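# Summary of the model geometry
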Amino acid sequence: MKLPASAHTGRPWRIHEIASGFRLEDVWALPVSGGPDDLPKLLEQMTSSENHLPGVAGVLFAIRWRLGRLLGWDKEDSGLDGRVRSLRERLPDDLRGRPAGPAPRSLPFRPLYLTENEWAAEMANRTVHGVMHIGWVPDGAGGHRAHMAVLVKPNGLLGKAYMAAILPFRYTLVYPTLMRTIGRAWKAREAKPA
């Protein structure tokens, strides 16, 4: 479910001090709930190599990666520590010395940091510098739920045009499929005997 920007901006997340200059693009409630210590389980699920989007959304990602190769959007010199510096350089000392958390195996994101209630990973290419932020939020009833925020810094006119072009696909195909995929995997994990 899409959430208002305040669901992210109104929380004391560490990402606020690190990703200044980035635009909050989206905030979503993931169909995941659990106990206070379940964030690592969600991250393992989300970063595993089995985490691929099915159907049309998966095809769109395949087309995007193919276009990126053809147009040179995803060359190494266009990404982190090439075109842009990693946000790891902005991490305060208390986060710099901690494990950054798992690296997504099927997406080009690099983990930034992990705390007890949030994880952030970044990616960059010729179009954007982006951050995926996962927050583990108390639900008011003793449990927790997951929020995902996407922050972006478009790269010039190309980046702005790219973000505008993918907007309808994100809302009609990618995010709904992503939510269903994450929710099904979480329920399947919960159904397995311990």
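Residues numbered from 1 in each chain as written. Predicted model: local features only at pLDDT ≥ 70, side-chain atom pairs only at ≥ 80, totals over all residues. Heavy atoms only, no water.

The chain goes by DUF2867 domain-containing protein in an unreviewed UniProt entry, where it is assigned to Actinomadura luteofluorescens.

## Looking at the sheet that holds strand 5 (residues 144-154)
Pairing is antiparallel in the open sheet, where 5 strands are placed in the order 1-5-4-3-2. For this open sheet the edge positions go to strand 1 (23-34) and strand 2 (110-114), each flanked by a neighbour on one side alone. Averaged over neighbouring strand pairs, the angle between their axes works out to 20° when direction is ignored. Two elements, strand 4 (residues 128-138) and strand 5, share 11 bridges in a ladder whose sense is antiparallel. Note on strand 5: the bridge partner recorded for V128 is P154. Those strands touched by helix 3 (residues 39-47) are strand 1, strand 2, strand 3 (118-124), strand 4 and strand 5, and its axis lies near 145° from that of strand 4. Across the sheet, helix 6 (residues 156-191) lies against strand 1, strand 4 and strand 5, angled at about 5° from strand 1, the strand it touches most. (Pairing = 2+ DSSP bridges. Helix = DSSP H or I, 4+ residues; strand = E, 2+ residues; numbered from the N terminus. Axes fitted to C-alpha atoms, helices over the stretch in contact; angles between N-to-C directions. Contact = heavy atoms within 4.5 Å.)

## Considering the environment of R14
In this fold, R14 is placed in the loop between helix 1 (6-9) and helix 2 (15-18). Setting aside chain neighbours within four positions, we find R14 in contact with P92, D94, L95, Y113 and E118.

## Brief notes about the pattern of salt bridges
Inspection of every chain in the model, using the stated rule, returns 12 salt bridges. A salt bridge links D74 to R64; its shortest N-O distance comes to 2.9 Å. On the criterion of sequence distance, the pair formed by D74 in the loop between helix 4 (55-71) and helix 5 (93-96) and R64 in helix 4 is long-range, its members being 10 residues apart. What makes D74 partly exposed here is its relative accessible area of 31%. On the basis of relative accessibility, which here comes to 10%, the residue R64 falls in the buried class. One salt bridge in this structure joins E116 and R98, with 4.0 Å as the shortest N-O distance. (Salt bridge = Lys/Arg side-chain N within 4 Å of Asp/Glu carboxyl O. Buried < 20%, exposed > 50% of the residue type's maximum accessible area, 1.4 Å probe, protein only.)

## Observations concerning the packing of aromatic side chains
For the structure shown, the criterion picks out 5 aromatic pairs. Measuring from centroid to centroid gives 5.5 Å for W73 and Y162, while their planes differ by 75°, and the two rings are edge-to-face. In this pair, W73 is assigned in the loop between helix 4 and helix 5 and Y162 in helix 6, connecting sequence segments 89 residues apart. Note on accessibility: W73 and Y162 belong to one class, buried. Among the aromatic residues, those joined into a ring-pair cluster are W28, Y171 and Y175. (Phe/Tyr/Trp six-rings, centres within 6.5 Å; stacked < 30°, edge-to-face > 60°.)

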